[in-house]
Amino acid sequence: MAPRVRFAPSPTGYLHVGGARTALFNWLYARRHGGTFVLRIEDTDVQRSSADMVTGILEGMRWLGLDWDEGPDVGGARGPYFQSERLDRYREAAARLVREGHAYYCYCSAERLRSEREKAEQEGAAWQYDRTCLALTPDRVAALEAAGAPRAIRFKVPSTRTAFVDAVHGPIEFDSARLEDFVLLRSDGYPTYHLSVVVDDAEMEISHVIRGDDHISNTPKHVLLFQALGAPTPVFAHVPLILGADKKRLSKRHGATSVSEYRRQGYLPEAMVNFLALLGWSPGDDRELMSMDELAGAFSLEGISRGNAVFNTDKLDWMNGQYIVRLATDSLAAAVAPFFQEAGLQVRISDPWFHRLLDLLRPRAKRLTDFVDLARPFLSDTVEYEAEAIEKHLGSAGLGAHVDALATSLRSIDPFDEPHVEAAVRGTAAERGIKAGMLIHATRVAVTGRTASPGLFEVLALLGRERTVARLERLVNFLATGPRADFS
Ligand code: GLU
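Residues numbered from 1 in each chain as written. Predicted model: local features only at pLDDT ≥ 70, side-chain atom pairs only at ≥ 80, totals over all residues. Heavy atoms only, no water.

*Asks:* Is there a simple way to think about the site of the ligand in this case?
*Replies:* Every residue near the ligand is listed here: Arg-6, Ala-8, Ser-10, Glu-42, Tyr-193, Val-197, Arg-211 and His-215. For the ligand, a nitrogen atom lies 2.8 Å from a polar atom in the backbone of Ala-8. Separating an oxygen atom of the ligand from a side-chain N or O atom of Arg-211 is a distance of 2.8 Å. Classifying every residue of the shell around the ligand by side-chain character gives 3 nonpolar, 2 polar and 3 charged. (Near = heavy atom within 4 Å. Polar contact = N/O pair within 3.5 Å; in protein donor to acceptor, adjacent residues only side chain to side chain. Nonpolar A, V, L, I, M, F, W, Y, C, P; charged D, E, K, R; others polar.)

*Asks:* How do you make sense of the packing of aromatic side chains when you look at a structure like this?
*Replies:* Counted according to the given criterion, the structure contains 11 aromatic pairs. Summarising the aromatic geometry, the rings of Tyr-385 and Phe-478 are spaced 5.0 Å apart at their centres and angled 80° between planes, so their arrangement reads as edge-to-face. Highlighted residues: Tyr-385 in the loop between helix H14 (368-379) and helix H15 (387-393) and Phe-478 in helix H20 (residues 465-481), separated in sequence by 93 residues. With respect to burial, Tyr-385 and Phe-478 carry one shared label: buried. Here the aromatic cluster, defined as three or more aromatic residues joined through ring pairs, consists of Phe-164, Phe-174, Phe-226 and Phe-236. Sitting over the ring of Tyr-105, Arg-151 keeps its end group 3.7 Å from the ring centre. (Phe/Tyr/Trp six-rings, centres within 6.5 Å; stacked < 30°, edge-to-face > 60°. Helix = DSSP H or I, 4+ residues; strand = E, 2+ residues; numbered from the N terminus. Buried < 20%, exposed > 50% of the residue type's maximum accessible area, 1.4 Å probe, protein only. Lys NZ or Arg CZ within 6 Å of the ring centre and 35° of its normal.)

*Asks:* Before we go on, may I ask you to explain the sheet that holds strand S4 (residues 152-155) in this structure?
*Replies:* Strand-to-strand pairing in sheets goes through backbone hydrogen bonds, with the strands running parallel or antiparallel. Here we have 3 strands laid out as an open sheet, ordered S3-S4-S7, and antiparallel in their pairing. Here the strands that pair on one side only, and so sit at the sheet edges, are strand S3 (103-106) and strand S7 (183-185). Recorded for the sheet is a direction-independent mean angle of 40° between the axes of neighbouring strands. Summarising the sheet, S4 and S7 pair through 2 bridges and their orientation is antiparallel. Within S7, the residue paired with Ile-153 across the bridge is Leu-185. Relative to S3, helix H3 (residues 87-99) is tilted by about 105°, and along the sheet it contacts S3, S4 and S7. (Pairing = 2+ DSSP bridges. Axes fitted to C-alpha atoms, helices over the stretch in contact; angles between N-to-C directions. Contact = heavy atoms within 4.5 Å.)

*Asks:* Help me out: how do you make sense of the state of the cysteines in this one?
*Replies:* Here a disulfide denotes a covalent bond joining the sulfur atom of one cysteine to the sulfur atom of another. Scanning the entire structure with this criterion turns up 0 disulfides. With no disulfide of its own, Cys-106 lies closest to Cys-108 among cysteine sulfurs, the gap being 3.8 Å. Cysteine Cys-133 shares no disulfide, and the gap to the nearest cysteine sulfur, in Cys-108, comes to 3.5 Å. (Disulfide = S-S within 2.5 Å.)

*Asks:* I'm lost on the pattern of salt bridges in this one. Help?
*Replies:* In a structure, side chains of opposite charge can pair up when their charged atoms sit close to one another. Scanning the model with the defined rule gives 32 salt bridges in all. Of the charged contacts in the structure, one is a salt bridge between Arg-6 and Asp-201, with a shortest N-O distance of 2.9 Å. Highlighted residues: Arg-6 in strand S1 (residues 4-7) and Asp-201 in helix H6 (residues 193-203), separated in sequence by 195 residues. Each member of the pair, Arg-6 as well as Asp-201, carries the same accessibility label: buried. A salt bridge links Arg-348 to Asp-351, with the shortest nitrogen-to-oxygen separation between them at 3.3 Å. One connected set of salt bridges, linked through shared partners, spans Arg-6, Arg-40, Glu-42, Arg-86, Arg-89, Asp-200, Asp-201 and Glu-203. (Salt bridge = Lys/Arg side-chain N within 4 Å of Asp/Glu carboxyl O.)

The structure is reproduced here in structure tokens:
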């Protein structure tokens, strides 16, 4: 049978890279086995959930290319896919569990339970619900009901040892005596996470639950609930946590943790997906750059590691650079355009000149945002000389005359292309008995204001004769009059 997997985010926050990685593993598993990827929104916490967060999560998933087969916007036969629209099902399931003896009503007040817990903790003891309400006499129950006492529903944890086989961690055994009779339905009629997640996984016929390691401790409860509901227990695969470079759990202290933030910082979705896939999973060989299709073709639960994964931003940057180098130029133009627009720089994304510029710059870009900075000298009318560039490359005696000679030579070459520009620069240097490097460095400062740029001859060819010569003339003038604050 084709697997059915799900990603079940709670919309109480943005799409975290950890959540995105969980979603990706589920997506890859479904795609690998021709299964179904369900997206379910776990929004039973009305106070903390918001529609904006849902929108953000869906946007993040779409950006990453993680399309879902059933869920919000696309629908499906096992909907609704928002837990807030499924409350009746949880209430019915809880009532059924009571009827069948797997659960019972609990009238204990939150205050009493809290004070008992605090007392036990002060005495250094672990506290577990003492089953007061399991032992109520029918008369007492009738009295409480007549008085309209609020009641929750608790699961009656059976006194067995139960085991399950985690697809990542192997066999896990637990002693039910250490599990308290946990609440399924609160007295306000809202389900706890344990109830809603299991009812939905059962009704949606989820075959594999692939989720974060932080849910391992919940799984015994879930296994018992599946059994009590008479539903098949899915395969569980708990994926390792993502840690920062300091081996602490990834948090904002380490930098961006939301997928949308990485998008804003200029990462390509293909690179992000590839990077996230390798956080705690490996194809079993030394492949690193893998397309979405290759990942889906290679993905297996066996390839998930037990150890925690470290989020290495340098690796992400490297990977993003690799994807930038490989991207088709028109796709790259479309991808960088919003960043130029945001910086107030006009570009035409189908302009062949802009494509040449991107091709020239891309080996130096790690993020899409880098293009804006690298392209500035090509797109603006003025160039500012950086202090470091002035100091390093504009100090030689007689430099103005050399640069002037180069400007003269460049005025007459035809065509104004890379080989002719190079010949003009080298020829001028030879004629004037100076090293070509000196002229190259000074020219780079003239046209970009900087000490580093892509190959100078390509830069000049792309800038064109008019702008190159004008910038050289400005440098000649600058060198003659000395640095002034308003030289641009
Ligand atoms: N809504 C839960 C969470 O975001 C889902 C956990 C699960 O996958 O079972 O943690």
